[in-house]
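# Tertiary structure, described
What follows is each chain in one-letter form.
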Amino acid sequence: MTGPNRIVVVGAGAAGLTAAEALRNRGYDGTLTLIGDEQHLPYDRPPLSKQILAGTWEPDRIALRGNDPLAKLDADLLLGRSAVGLDMATRQVLLGGGDRIDFDGLVIATGVTPRSLPGADIAGIHLLRTLDDALSLRAHLLDGPAVVVVGAGFLGAEVAAVARGMSLDVTLIDPQPVPMYRQFGHRIGELVGRLHTDHGVSLRCGTGVRRFLGAAGRVIGVELTDGSSMDADLVVVAVGAAPAIDWLAGSGLPLGNGVECDTHCQVAPGIYAAGDIASWHNNHFDTRMRLEHRMNATEQAMAAAGNLLGADRPFAPVPYFWTDQYDARIQAYGIFPADAEITVLHGQPTSRKFVAGYGHHGTMVGVLGWNSPRELRTLRQLVVDRTPWPPQASVSATAIAS
Amino acid sequence: MRVIIDQDKCVASGQCVLAAAGVFDQRDEDGIVVLLNDNPPAELHEDVRQAAAVCPALAITVEES
Ligand SMILES: Cc1cc2nc3c(=O)[nH]c(=O)nc-3n(C[C@H](O)[C@H](O)[C@H](O)COP(=O)(O)OP(=O)(O)OC[C@H]3O[C@@H](n4cnc5c(N)ncnc54)[C@H](O)[C@@H]3O)c2cc1C
Ligand code: SF4
């Protein structure tokens, strides 16, 4: 069997670029086309809601690669071009404008698109996904507006933290009982909530947005489902994102919550997916998942590229995620099911320096660290080892000492 | 091989230590990367390349000589 020699990668973010690079590193020397609909050279997203929004970094610091590595890729980099369709019969990617690109290997890495809310199409309401979004949001924050952030997931929480760092009035709204509830559950969410109120955020949990109030085409306030309302000069909607699968509609590929891959990130023979768009069966946890985590974009792209070239290795990582809010660095390894049990493994939540373990069906499936990077890295092993749950009291001390 | 780290970009993920413990460590107080050896021996080169590739903050640069 000969391997592919016309590979197309669609999506030029972290996953797409890493896949392209990994193909070359593994010795692939056929033609390589990398297609991305943004005009910018590939860049990194996590700093957008942190250093870029806060203005502490210039945009050139977030380039994913310098010019040298990009040139060494020896790829056709088609930027500012959208894939609009996939023809499985002819094995072609269709581009806006009518071009068709042949492939015998394909990596799908088009990420996600932020969700909006009804009535959010008036001036003063922002979404945050791209560099342009971040620069525009920063420019408007500099005007000193009263800010309402809708959605207290990690993205909304980070934006609220940056806006407070600029001494703005900030209200953070979420229909869930505490911030980051869906990600990490009640106990951690409560601590995140306290972190924000301690820093002067007005936190409104357990209530959602009923409608945006506008005047002359601009937002002037927000009405909540509990009947209350508040003034706002600027609103950030951070209510999650949906996989960018529109261009694959009708292709015959299995689409659901993202592009549905097998254990090896394969969607169909010769076709793989990676990054925020890809759902796959992770053997380590014996469950299907789709992650919107920076680390996963890299790891999954490397795995997909390897398997496209015949490596035949299941992708079964212990996922890693982090978020930075004020002086809190929250890091997590593993998965955090809604019905997981939680216990403190190290340190004290009240001192805002601790590691918590998450147990599910008798196994430790996740560890979360709050300003404890070294201890967390060590305790990650408990998840790798599928440590029985509840853990013995000595287990974390032993792991940290080793 | 020469290894360069950018502590300002580092997000303290520890991925580099998992990949190449002899070359990278993390500061006690905040987990930021410290470089133990900026010119690692050949047998560690593959691990170091892996560390640079997986670093989620793009904080590790490897110059191949
Ligand atoms: C503001 C922000 C902060 C974040 N902070 C963190 C963090 O602190 N920690 C963490 O773990 N994760 C964080 N993330 C998540 C992380 O950045 C993502 O998981 C990662 O960027 C996913 O990479 P990707 O390549 O799969 O998708 P993307 O980076 O979205 O790349 C996909 C690319 O494909 C393009 N595209 C889409 N459709 C098409 C098409 N039809 N044709 C051509 N191109 C197309 C898109 O425009 C985009 O450029 C953050 C994300 C954001 C937005
Ligand atoms: S992998 Fe990168 S971000 Fe993580 S500790 Fe090492 S240098 Fe820092």
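Only a predicted model underlies this, so the values are computations on that prediction, with no experimental measurement involved.

### As for the pattern of salt bridges
- Under the counting rule described, the total for this entry stands at 22 salt bridges over all chains.
- Of the charged contacts, one joins R61 of chain A and D6 of chain B as a salt bridge, the two residues approaching to 2.9 Å between their closest N and O atoms. Taken as a pair, R61 of chain A in the loop between α2 (51–54) and α3 (67–72) and D6 of chain B in the loop between β1 (2–5) and α1 (15–19) lie in two separate chains rather than in one.
- A salt bridge links E46 of chain B to R49 of chain B; its shortest N-O distance comes to 2.7 Å.

### Structural notes on the sheet that holds strand β13 (residues 209–215) of chain A
Residues and elements named next belong to chain A.
- Pairing is antiparallel in the open sheet, where three strands are placed in the order β13-β14-β15. Where the open sheet ends on each side, the last strands, each with one partner, are β13 and β15 (229–231). Going across the sheet, the axis of each strand differs from the next one's by a mean of 25 degrees, ignoring polarity.
- Judged from the three bridges that link them, strand β14 (residues 218–224) and β15 form a sheet pairing that is antiparallel. Each bridged residue has a counterpart across the sheet, and for G221 the counterpart in β15 is D231.

### A few points about the pairing of strand β27 (residues 353–360) of chain A
Residue and element names in this part refer to chain A.
- Counting buried positions over the eight residues of β27 gives seven, a clear majority of the element.
- Examined bridge by bridge, strand β26 (residues 341–348) and β27 share seven bridges and lie antiparallel to one another. Paired with H346 across the bridge in β27 is V355.
- Here β26 folds back onto β27 in antiparallel fashion, the turn holding four residues, of which R352 has a positive phi close to 55 degrees.
- Alignment of β27 against strand β28 (residues 363–370), held across seven bridges, turns out to be antiparallel. Pairing of Y358 across the sheet is with G366, part of β28.
- Once β27 ends, the chain turns through two residues before running back antiparallel as β28, passing H361 with a positive phi of about 50 degrees.

### As for the interface of chain A and chain B
- Opposite the 20 residues of chain A that make contact, chain B presents 24 residues.
- Taken together, both faces of the contact between chain A and chain B bury some 1900 Å²; the carbon and sulfur share is 51%.
- Among the residues chain A hides against chain B, the three largest losses belong to R61, R374 and R377 of chain A. Together they make up 31% of the total.
- Taken together, the links from chain A to chain B amount to four salt bridges.
- The partner of R374 of chain A in a salt bridge is D28 of chain B, with the nearest N and O atoms 3.3 Å apart.
- Here chain A is connected to chain B by eleven residue pairs in polar contact (both at pLDDT 80 or more).
- Counting only elements with at least two residues in the side of chain A that touches chain B, the list comes to α7 (294–308), β24 (320–325), β25 (328–334) and α8 (373–384) of chain A.

### Describing the site of ligand 2
Residues and elements named next belong to chain B.
- Every residue lining ligand 2 is accounted for by C10, V11, A12, S13, G14, Q15, C16, V33, C55, A57, A59 and I60.
- In this structure, ligand 2 is accommodated by the second largest cavity.
- Here the shell around ligand 2 is composed, by residue class, of nine nonpolar, three polar and no charged.

### Overview of the site of ligand 1
All names here are of chain A.
- Of all residues adjacent to ligand 1, which total 32 residues, the nearest are D37, E38, R45, K50 and D276.
- In the model, an oxygen atom of ligand 1 is placed 2.6 Å from a nitrogen or oxygen of the R45 side chain.
- Contact distances for ligand 1 include 2.6 Å between an oxygen atom and a side-chain N or O atom of D276.
- Notes on ligand 1: free accessible area 1000 Å², of which the protein chains cover 94%.
- Looking at the shell around ligand 1, the elements that each hand over two or more residues are α1 (14–25), α5 (154–165), α7 and β24.
- The biggest single contributor to the shell around ligand 1 is α5, with three residues.
- Of the residues belonging to the shell around ligand 1, the class tally is 13 nonpolar, nine polar and ten charged.
- A domain-level breakdown of the shell around ligand 1 finds at least three residues from each of domain 1 (6–113 + 242–308) and domain 2 (116–239).

What counts, and at which threshold
- Position numbers for residues count from 1 along each chain, tracking the sequence in the order it is written.
- All chains are assigned letters beginning with A, and all ligands numbers beginning with 1, in the order in which they are written.
- Selection of residues for local features in this predicted model requires a pLDDT of at least 70, selection of side-chain atom pairs for listing and counting requires 80 or more, and totals for whole chains, interfaces and linings are taken over all residues.
- Excluded from the side-chain calculations are hydrogens and water; all other atoms, namely the structure's heavy atoms, are used.
- A carboxyl oxygen of Asp or Glu within 4 Å of a side-chain nitrogen of Lys or Arg is what we treat as a salt bridge.
- In this description a helix means any DSSP run of H or I spanning at least four residues, a strand means any run of E spanning at least two, and both kinds are numbered starting from the N terminus.
- Paired strands are those between which DSSP finds at least two bridges.
- Here the axes come from fitting lines to C-alpha atoms, over the contacting stretch only for helices, and the angles between their N-to-C directions go from 0 to 180 degrees.
- Categorising residues by exposure relies on relative accessible area from a 1.4 Å probe, with only protein chains included: less than 20% of the type maximum marks a residue as buried, more than 50% marks it as exposed, and the intermediate range marks it as partly exposed.
- By definition, residues are in contact when any of their heavy atoms lie within 4.5 Å.
- By definition, the buried area sums, over both parts, the 1.4 Å-probe accessible area that each loses when the two are put together.
- Pairs of N or O atoms within 3.5 Å make up the polar contacts considered here, provided that, within protein, one atom can donate a hydrogen while the other can accept it, and that residues adjacent in sequence are counted only when both atoms are side-chain atoms.
- Near, as used in this document, describes a residue that has one of its heavy atoms within 4 Å of the molecule or strand being considered.
- A cavity, in this analysis, means grid points on a 1 Å lattice covering only the protein atoms where a 1.4 Å probe fits yet has no way out; a pocket is instead an open set bounded by protein on both sides within 12 Å along at least five of seven lines, and a residue lines either one if it has an atom within 4 Å of a point.
- Criterion for pocket placement: a molecule counts as inside a cavity or pocket if more than half of its atoms are within 2 Å of its grid points.
- Residue polarity follows a fixed list, in which Ala, Val, Leu, Ile, Met, Phe, Trp, Tyr, Cys and Pro are nonpolar, Asp, Glu, Lys and Arg are charged, and the others, Gly among them, are polar.
- To be clear on the numbers: accessible area is Shrake-Rupley with a 1.4 Å probe, and residue cover counts the displayed protein chains and nothing else.
- Here the bounds of each domain stem from an automatic or database domain assignment.

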